[in-house]
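# Summary of the model geometry
Read off the chains here:
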Amino acid sequence: MNSSEDRYAIRSVDRAVDILAAVAASNGALTVDGIVADTGLPKSTVFRILATLTARRVLDRDEQSQTYRLGMVALVIGARAMGELDLRRSARPHLESLVASTGETVHLSILSDDNALCVDKLDASRSMRMASFIGFLDPLHCSGVGKALLAFQDEPVRQLLMARMRFEPHTPHTITDPGRLAEQIVEIRARGYAIDDEEIEQGLRCVAAPIRDHSGAVVAAVSISGPTTRVTQDGLGDLAKAVEACARAISQELGAPQKVTTP
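Residues numbered from 1 in each chain as written. Predicted model: local features only at pLDDT ≥ 70, side-chain atom pairs only at ≥ 80, totals over all residues. Heavy atoms only, no water.

## Looking at the packing of helix H3 (residues 32-39) against helix H4 (residues 43-55)
Interaxial distance between H3 and H4 falls to 10 Å at its minimum, and their mutual angle equals 115 degrees. H4 is crossed by H3, and the crossing has right-handed handedness. Residues Val32, Asp33, Ile35, Val36 and Thr39 of H3 touch H4, and the partners they reach there are Lys43, Val46, Phe47 and Leu50. Its residues placed into classes, the contact of H3 with H4 shows 6 nonpolar, 1 polar and 2 charged. (Axes fitted to C-alpha atoms, helices over the stretch in contact; angles between N-to-C directions. Helix = DSSP H or I, 4+ residues; strand = E, 2+ residues; numbered from the N terminus. Left-handed = near helix turned anticlockwise from the far one by under 90°. Contact = heavy atoms within 4.5 Å. Nonpolar A, V, L, I, M, F, W, Y, C, P; charged D, E, K, R; others polar.)

## Description of H3
Of all the positions in H3, only Val32, Gly34 and Ile35 are classed as buried. The buried residues of H3 occupy an angular sector of 160 degrees when the element is viewed end-on, so they sit on one face. Where H3 is buried, its residues touch helix H2 (11-25), strand E1 (30-31), H4 and strand E3 (67-70). Just past H3, the residue Gly40 takes up positive phi, approximately 75 degrees. (Buried < 20%, exposed > 50% of the residue type's maximum accessible area, 1.4 Å probe, protein only. Arc of directions from axis to C-beta.)

## Some points on the sheet that holds E1
The strand order across the open sheet formed by 3 strands is E1-E3-E2, and the pairing between neighbours is antiparallel. Both edges of this open sheet fall to E1 and strand E2 (59-62), since each of them pairs with a single strand only. Of the strand pairs in this sheet, E1 and E3 are connected by 2 bridges, and their pairing is antiparallel. Bridging across to E3, Thr31 finds its partner in Thr67. Running over the sheet, H2 touches E1, E2 and E3 and is turned about 90 degrees from E3. (Pairing = 2+ DSSP bridges.)

## Quick notes on the pattern of salt bridges
Inspection of every chain in the model, using the stated rule, returns 16 salt bridges. The salt bridge partner of Glu63 is Arg61, with a shortest N-O separation of 2.6 Å. Exposure remark for Arg61: the relative accessible area of 32% places this residue in the partly exposed category. Connected through shared salt-bridge partners, Arg88, Arg92, Glu96 and Asp120 make up one network. (Salt bridge = Lys/Arg side-chain N within 4 Å of Asp/Glu carboxyl O.)

## Overview of the packing of H2 against H4
Across the interface, H2 lies against H4 with an axial gap of 10 Å and an inter-helix angle of 80 degrees. Judged by the angle between their axes, H2 and H4 are roughly perpendicular. For the pair H2 and H4, the contacting residues are Ser12, Arg15, Ala16, Ile19 and Leu20 in the first and Thr45, Val46, Ile49, Leu50 and Leu53 in the second. (Parallel < 35°, antiparallel > 145°, perpendicular 65-115°, else oblique.)

## Overview of the packing of aromatic side chains
Throughout the structure, instances matching the rule amount to 0 aromatic pairs. Just above the ring of Tyr193 sits the side chain of Arg191; from NZ or CZ to the centre is 5.1 Å. (Phe/Tyr/Trp six-rings, centres within 6.5 Å; stacked < 30°, edge-to-face > 60°. Lys NZ or Arg CZ within 6 Å of the ring centre and 35° of its normal.)

## Remarks on unusual backbone geometry
Notably, Asp113 is not glycine yet its phi reads approximately 55 degrees, a positive angle. Inspection of the secondary structure assignment puts Asp113 in the loop between strand E4 (105-112) and strand E5 (115-122). Taking the relative accessible area as the measure of exposure, Asp113 reaches 64% and is therefore exposed. We note that Phe167 has phi near 50 degrees; this positive angle belongs to a residue other than glycine. Tracing the backbone through its elements, the reader meets Phe167 in the loop between helix H7 (155-164) and helix H8 (178-191).

## Re the pairing of E4
When you tally the buried positions in E4, you get 7 out of 8 residues, the bulk of the element. Relative to strand E9 (residues 218-227), E4 runs antiparallel, the two being bridged by 5 bridges. Bridged to His107 within E9 is Ser223. In this structure, E4 lies alongside E5, joined through 7 bridges in antiparallel fashion.

## Observations concerning the nonpolar core
Within the largest apolar cluster, 27 residues are counted, with the highest numbers of intra-cluster contacts made by Leu95, Leu108, Val207 and Val222. Secondary structure elements with two or more residues in this core: helix H5 (72-102), E4, E5, strand E8 (204-212), E9 and helix H9 (236-253). Among the elements that make up this core, the one with the highest residue count is H9 (7 residues). Setting aside anything within four residues of it in sequence, one finds Val207 in contact with Tyr193, Ala194, Val222, Ser223, Ile224, Leu236, Leu239, Ala240 and Val243. Listed in part, the 20 residues of the second largest apolar core include Ala148, Ala151, Ile175 and Ile188. (Core = buried A, V, L, I, M, F, W, Y, C linked by side-chain atoms within 4.5 Å.)

## A few points about the sheet that holds strand E7 (residues 194-197)
The antiparallel open sheet is built from 6 strands, whose spatial order is E6-E5-E4-E9-E8-E7. At either end of the open sheet lies a strand with only one pairing partner, and these are strand E6 (137-139) and E7. Taking the axes of each pair of neighbouring strands and ignoring which way they run, one obtains an average angle of 30 degrees across the sheet. Examined bridge by bridge, E7 and E8 share 4 bridges and lie antiparallel to one another. Residue pairing across strands places Ala194 opposite Ala208, the latter belonging to E8. Its contacts with the sheet place helix H6 (residues 144-151) against E4, E5, E6, E7, E8 and E9, and it is angled at close to 155 degrees to E9.

In structure tokens form, the structure reads like this:
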């Protein structure tokens, strides 16, 4: 950790990470004494941090052996991180091809709580690049990737997500009525891709398509975004075909079935 980062470090969090790393590296489970030996932390400090981590299910404690191992929360976080890593690795060559063929900015996003989380982005080769970044959160009701992710979820999940939406307006074109969004979802599911027509930012247009995993479930979305001067209404059809082809190629990399029935 460099000197500029030291100013923002929280000592207890830093120590908790040391303990998690020690348990994860043990290939099994560690006793308190083992954690103390591996981390060099005082036993009293280790006891306090372990109490918090076990209460939050980040670590589990075996009462019989008095050892600690990774808990369900840690396993879920790790599995999600690995899933995103596999997705990005599988998608990257196809994203690069999409940027090369269209010259526009490409995003890869996943559903994260009530938003679309950008996990990869490739900038356009032209000027007027977008200010988005990896880790950027897009709202579901007015972004291309958000609507693509929302539209192809199972009905109960989609209804739950829509019930939680705040429908905040970002431009005069933003859909703020649940009924209108429901109508658009029917259209998206019928044609296979979503459009953001200056709904999240004026002068910006986007087309996005869903990506499926081995089970056929939609786990991500890929999009092309660019200024309306380049991403025109007349050109949307060709861009949609390119985005859909990219989404299908990534889906195949993830083992998606050839034919999927939209739920």
